[in-house]
Amino acid sequence: MLQKKVCMLGSFSVGKTSLVRRFVESIFSEQYHTTIGVKVDKKVARAEGQDVTLVLWDIHGEDAFQKVQISYLRGMSGYLLVADGTRRQTLEDALALSTRITETMGKIPAVLVLNKCDLTAQWEIEPDREARLAADGWKAFRSSAKTGESVEQVFSQLTLAMLRK
Amino acid sequence: MAANSIFESYLADQGYALFEYLGGGEFRALGSYPDWCKTVWGAENARQKTLRLAELSPFLENFLVDAEGFWNSKRKGAANSPVWIEHDFANHETPLEAWAVRLEGKKILIVRNLSSSYAERQQLFQTARDSLLEHEQLLHEIQKKEILLHCIIHDLSQPLNAMRGCFNLLSMEKLPGGQQRMIETGQRESQRQEQMIRGILEAFSGELAVQQGSAGTAAEAPDLAACAQRVVEQFAPAFVEKGIRLRLDPRLDVARDWKVVGDAPRLERIFGNLLENAMRYTPKGSAVTVGIEDKVHCLLAFVDDEGPGLPKDASSDRLFALFAKGKDRPGKAGLGLYFCKITVERWGGSIGAENRPGGGSHFWFKIPRAMKTTPIRGADKRSAPQKPSPSAAPVAPSVKDQPAPLAPGHLGKAPRRLQILVAEDTDVNRELVTELLQKRGHSVFAVEDGHAAIAALSKKRFDVVLMDEQMPGMDGLEATRNIRRMERASGNHQIIIGVTGNVSEEDEKHRIEAGMDGYVTKPFDMQVLFQIIESHSHGGQQAAPAKADSAVSVAPPVDVAAHLARSTGGNEKLAQSLVKSFLADAPKKISDIRRAVAQKDPAKLATAAHAFKGAAAIFGAPQVVAAARNLEAMGKAGNPDGAEKVFQTLETEFARLKTELLALRRKADAGAAASPRKRKK
C-alpha cells in the first residue's frame, strides 16, 4: 500500500496531538499533555480511489525549550501546519517555520490548520488575515479537535495534495 | 556469572537494548533482548538472529540514516536521536532514545527505554509551558481590562458633555439668584465628576491610559527635540553594550522651537519604544539615528536603523497592532508599538514605518505643533481654531483645565443670521446644538440622518450644513459624497462642516475625499463651533472647489487687507498698486471668461480662468479662486457644460471682492489725504 509521511508542525499547545488523536482514534481530551520529541502514528486514508497509509509524525511544538530539527522531516511527503486561532502569534510562528522548511527542503504539500475554532469568543485571527493567507496561496481550514470540525477534511485535503504532486 | 553477562543484565535492567549493525539494514541484539523490546516490537523478534529495525519503527528508519552517516564518518562521540514515542501492542506509550556509537570497531546502536524518567521530564516541560500560556493569558486579560476601562470611561464621559452644554446654556439665562446658584452647583459637580473619571483613568489604566490630546499652549507644551535628546541619553549605554551607535540627527537644531501637543513622559515613552524596537533588530556595528523634521503644521519625528528592514508582509496596520510581535526577535508583549500608535493618534497625529531606500527601517510619527495663540475663553482647548485636535479621548479636561462657567449673555449674537441644517442622530446632541445655534441667533433646521439632510437640501437653501459623521442609515460622509455628486450639474457648492470624534490622519483623508469643507470635533465647545460655522458663512452656495484637498479643517474668515499685507510684506504702496491694477484688469479678464463660456471654447476658458485665478489669489479670496479654478478645470477637461452657473458664482464672488478692494482704496486715499505733510517729507 502507498505510504506517505506526514508531519504535524506548529507551536506548542496548538493542538497537534489532539488533531492526530481525533483523526486516528476519534477521541479528544481537554487535558493538555505537552509532547516531548516525536510520536508516530498510522492511519489509512482513502483518496482518488486508492488507500494510502499516512504515517503521522506528531512533532513537539517549537518554543524556547525545543526546536524542530529539519532531520525529523526527512522523507516527508506533506505537512499540516497547525496554529491556535486563539493565539495570533502561533500563526506567525507557524508561517515562519513553513518558510524555513521551504528554504531547506523546497516546496512540499501543506495544509494550514487554524485550530480551536470552537473557542469563538477568544478567536484572534481576523477575517482579513485569513483572506491574506488565501492570497498568499495557503489552503487554510478552521478546525476543532474538540468537536471534530474539519479534522477529516484537513487530512483528506493533504492526502489529495500529496497524491497530486 | 561472567562479568560481561552481569554487565548486560545491568544494562537491560536499566532499560538499555544494544544492537550491532551488520550492514544491509540488519542488526543483531547484543546480550539479552529486554522485555520492553518484546512488547514494543514483538516477542518473535527476540528469537530472530537478525533484526531489521528500520522495518519495525518508522522513527528508527529515519534515525538510522543519521546513524549510518555517523558510523561511516570519522567523527568521535555518538550520534543521538531525540526522544520518540513507540506504542506497544496494548497501545501504551513507550518513550525511547537512541545513540549510534562505535565500540571496538563495531557499529553499535543503543536504544534506551525512558519510561522511568520521562514522566519527570515531561512534568518539567509541562510546567514551563503552562506558565508561558498563563503569562500570555494574563497579558490578554490585562489588555481586555484596559480596553474595557477605556470604553467605560468613554461612555461615562459622553453624557457629561451634554450636561456641560446644558448647564452652560442655562447659565446664559437671567435666572433668579437661587436657581442660578443651583446651576453653578450643577456645573461644579459635573466638573468634579470629570475629575473623578480622570482619576480612575490615571489610577488604573497605567501606561495604556492615554490621556486626551491636550493641545495646550506653547508655554506648557513639551519640546519634542528635548524629549528625543533625553531618551537618546537614557538609551545610550544599552546601545553601547550592544555595539550599536545611537545618535541624534546632526541636522537637528535642538535650540529651535519644537513644541508639540501631548506630554513629555509619553513622548519619551514613544521614542523609547521605537528605540527598543530598533535595538532588537539593528546589527552590531551599525547606527540608529533619531531625528525631527519640521512639516509646518506638525513635526515629524523618526527613528532610522540599519537593520534588515521590515518583513515583506508587514503592513503598518500589523506592525502597530495590539499584541503584534516580530517573528525573529520578538519583544515582550506586543504592546510597545501599539502604545505608540494609540497615543500619537489620540493627540491628532499619525504613525508609520517603511523601509529606507539604502536598507534598514524608518519608523516615524507626526504630532501637531502646539498652539502659539492663547486659547479662546470658554473654548475647549482641544478644539482651538488652529487645528482641531483630538477630543475623542475618553475623558474631558480636568477641573484645572476647565474654562470658567459662562456668564449670562457671554456668547453674544452672530454678526449675520445663518440658515443652518444640522444632521445629527443623537437626540440630546441634536437638541443641544440646535439650542446653542439658535441662542447665537441662527436659524436651525435639524434632521436625524444623511437621507433627511439631502431631502432638506432639495427643498430649502442653507448657508451651512453641520453633518455628524456617524449616523445610522446614511452617514455623514456618504451624504456629503451624494451632495457633491448632485452639485456637479449645478456647479454650486454647499458648505458642509463635519462633526466627528475621529481625528486621525486617515479620518481626515476620508473627510476630504468625501468633500467636507471642514470639521469640528466632539465634544465641541460653543465658541469653536460658532467660529467654524461663521467663518464659512459667505453664502452657503459657493463655487465648487476644483479639488477635494481644498477643504480645510478650520478656515478663519478671509481678511483681504491682512492677506494683501502678508503678500506684499507690509508694503502699502505696493499693495495699493496691486489693487489698482487688479481692479483695472479684472473686467477684461472676466469678459474673456464670459466669452469663452458663451462660445463653449474649453481651451480659451482654461486660459482665461487660469489668468484670473492667479490675479485673484494675491488677495486671498478663496471663493473667487475656487470658482475660477473650477472653470479652469472644466476647460482643461474639455467639458464646459455647466460652466454658466459656475461663472455666475464667479461674478457674484468677484463683486464681493471688488467691494472690499474699493473700500481698501478709499481707506488708503483717506489716510493719504489726512497726512499730506508726512508724505512730503
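Just above, that's the structure.
Residues numbered from 1 in each chain as written. Chains lettered and ligands numbered in written order. Predicted model: local features only at pLDDT ≥ 70, side-chain atom pairs only at ≥ 80, totals over all residues.

Trainee: Residue-level account of the overall build of chain A, with values.
Mentor: From N to C terminus, chain A includes four helices and six strands. Along chain A, helices and strands appear, N-terminal first, in the series β-α-β-β-β-α-β-α-β-α. Taking all 165 residues of chain A together, 47% fall into the buried category. Considering only residue pairs separated by 6 or more positions, chain A has 74% of its internal contacts joining residues 24 or more positions apart. (Helix = DSSP H or I, 4+ residues; strand = E, 2+ residues; numbered from the N terminus. Buried ≥ 20, exposed ≤ 12 C-beta atoms within 10 Å, placed from the backbone. Contact = placed C-beta atoms within 7 Å.)

Trainee: Please provide a residue-by-residue account of the overall build of chain B, values included.
Mentor: Of regular secondary structure, chain B possesses 22 helices and 16 strands. Counting across all 681 residues of chain B, residues that qualify as buried make up 37%.

Trainee: I'd love a proper account of the sheet that holds strand β7 (residues 245–248) of chain B, names of residues and values included.
Mentor: Residues and elements named next belong to chain B. The five strands are arranged β7-β8-β9-β11-β10 in an open sheet whose pairing can be described as mixed. At either end of the open sheet lies a strand with only one pairing partner, and these are β7 and β10 (350–355). For this sheet the average axis-to-axis angle between neighbouring strands, irrespective of direction, equals 15 degrees. By the bridge criterion, seven bridges tie strand β9 (residues 298–304) to strand β11 (residues 361–368) in an arrangement that is antiparallel. Bridge pairing in β11 places Val303 opposite Phe363. Sheet contacts for helix α8 (residues 224–242): β7, β8 (287–295), β9 and β11; angle to β7, the most-contacted strand, approximately 165 degrees. (Pairing = 2+ DSSP bridges. Axes fitted to C-alpha atoms, helices over the stretch in contact; angles between N-to-C directions.)

Trainee: I'd love a proper account of the interface of chain A and chain B, names of residues and values included.
Mentor: In this complex, chain A contributes 20 residues to the contact, which on the side of chain B involves 20 residues. Tallied by class, residues from the side of chain A that touches chain B come to seven nonpolar, seven polar and six charged. Bridge count between strand β2 (residues 38–47) of chain A and strand β4 (residues 84–87) of chain B: two bridges; the pairing is parallel. Across the sheet, Val38 of chain A pairs through a bridge with Trp84 of chain B, a residue of β4 of chain B. (Nonpolar A, V, L, I, M, F, W, Y, C, P; charged D, E, K, R; others polar.)

Trainee: I'd like a rundown of unusual backbone geometry, residues and numbers included.
Mentor: Here the phi dihedral of Ser150 of chain A falls at roughly 65 degrees; this positive angle occurs in a residue that is not glycine. Residue position: Ser150 of chain A is located in the loop between β6 (140–142) and α4 (151–164).

Trainee: How would you explain the packing of α8 of chain B against helix α9 (residues 264–281) of chain B if you had to name every residue and give the values?
Mentor: Residue and element names in this part refer to chain B. Across the interface, α8 lies against α9 with an axial gap of 9 Å and an inter-helix angle of 30 degrees. Taken as a pair, α8 and α9 cross one another with a handedness that is right-handed. Touching Leu224, Cys227, Ala228, Arg230, Val231, Phe235, Ala238, Phe239 and Lys242 of α8 are Ala264, Leu267, Glu268, Phe271, Gly272, Leu275 and Met279, all from α9. Here the residues of the contact of α8 with α9 sort into 12 nonpolar, one polar and three charged. (Left-handed = near helix turned anticlockwise from the far one by under 90°.)

Trainee: Outline the nonpolar core, supporting the account with residue identities and numerical values.
Mentor: All names here are of chain A. Ranked by internal contacts, the top residues of the largest apolar core, which has 65 residues, are Met8, Trp57, Leu80, Leu81, Val82 and Val113. Here this core takes six residues from strand β4 (residues 76–84), the largest share from any one element. Apart from the residues within four sequence positions on either side, Leu80 is in contact with Val6, Met8, Val111, Val113, Val154 and Leu158. (Core = buried A, V, L, I, M, F, W, Y, C linked by C-beta atoms within 7 Å.)

Trainee: Pulling in residues and values, what's your account of helix α5 (residues 58–71) of chain B?
Mentor: All names here are of chain B. With 14 residues, α5 extends 20 Å between its outermost C-alpha atoms, agreeing within 8% with the 20 Å of an ideal straight helix rising 1.5 Å per residue. Largest kink in α5: about 30 degrees, centred on Leu64. Among the residues making up α5, those that are buried are Pro58, Phe59, Leu60, Asn62, Phe63, Leu64 and Ala67. (Expected span 1.5 Å × (residues − 1). Bend = angle between axes of the 7 residues up to and from the residue.)

Trainee: Quick one: what's the story with the packing of α9 of chain B against helix α11 (residues 336–346) of chain B, residue by residue and with numbers?
Mentor: Two packed helices can be described by the angle between their axes and the distance between those axes. All names here are of chain B. At a minimum axis separation of 9 Å, α9 and α11 run at an interaxial angle of 145 degrees. When the axes of α9 and α11 are compared, the crossing they make is left-handed. Two secondary-structure elements touch here, α9 through Arg266, Arg269, Ile270, Asn273, Leu274, Glu276 and Asn277 and α11 through Gly336, Leu337, Phe339, Cys340, Thr343 and Val344. The residue makeup of the contact of α9 with α11, split by class, is six nonpolar, four polar and three charged.

Trainee: Let's hear about the environment of Arg629 of chain B: which residues, and what values?
Mentor: Residue position: Arg629 of chain B is located in helix α20 (residues 622–636). Along the primary structure Arg629 of chain B and Ala609 of chain B are separated by 20 residues, whereas in three dimensions their C-alpha atoms are 6.9 Å apart.

Trainee: Now, about the pairing of β11 of chain B: what can you tell me, with residues and values included?
Mentor: Residue and element names in this part refer to chain B. Among the eight residues that make up β11, six are buried, leaving the element largely enclosed by the rest of the structure. Here six bridges tie β10 to β11, and the two strands are oriented antiparallel to one another. Each bridged residue has a counterpart across the sheet, and for Glu354 the counterpart in β11 is His362.

Trainee: Describe the pairing of strand β2 (residues 26–30) of chain B, listing the residues and the values that go with them.
Mentor: Residues and elements named next belong to chain B. Note that strand β1 (residues 16–23) and β2 share five bridges and pair antiparallel. Opposite Gly23, over in β2, you have Glu26 as the bridge partner. Connecting the antiparallel pair β1 and β2 is a turn made up of two residues, with Gly24 showing a positive phi of about 60 degrees.

Trainee: Any chance you could break down helix α3 (residues 127–135) of chain A for me, citing the residues and the numbers?
Mentor: Among the nine residues of α3 of chain A, zero are classified as buried, and the element is accordingly described as predominantly exposed. Backbone geometry just after α3 of chain A places Gly137 of chain A at a positive phi near 95 degrees.

Trainee: Account for the environment of Ala54 of chain B, with residues named and values stated.
Mentor: Residues and elements named next belong to chain B. By the secondary structure assignment, Ala54 is in helix α4 (residues 53–56). Counting along the chain gives 29 residues from Ala54 to Gly25, while the straight-line C-alpha distance between them is 7.2 Å. Discounting chain neighbours no more than four positions away, the residues touching Ala54 are Gly25, Leu60, Glu61 and Leu64.

Trainee: Give a detailed account of the environment of Val111 of chain A, specifying residues and quantitative values.
Mentor: Residues and elements named next belong to chain A. Among the structural elements, Val111 can be located in strand β5 (residues 110–115). Overall, Val111 belongs to the buried group, with 25 C-beta atoms counted inside 10 Å. C-alpha of Val111 to C-alpha of Thr159: the two residues are 48 residues apart in sequence and 9.8 Å apart in space. Contacts of Val111, omitting those with residues within four sequence positions, involve Leu80, Lys139, Phe141, Val154, Gln157, Leu158 and Ala161.

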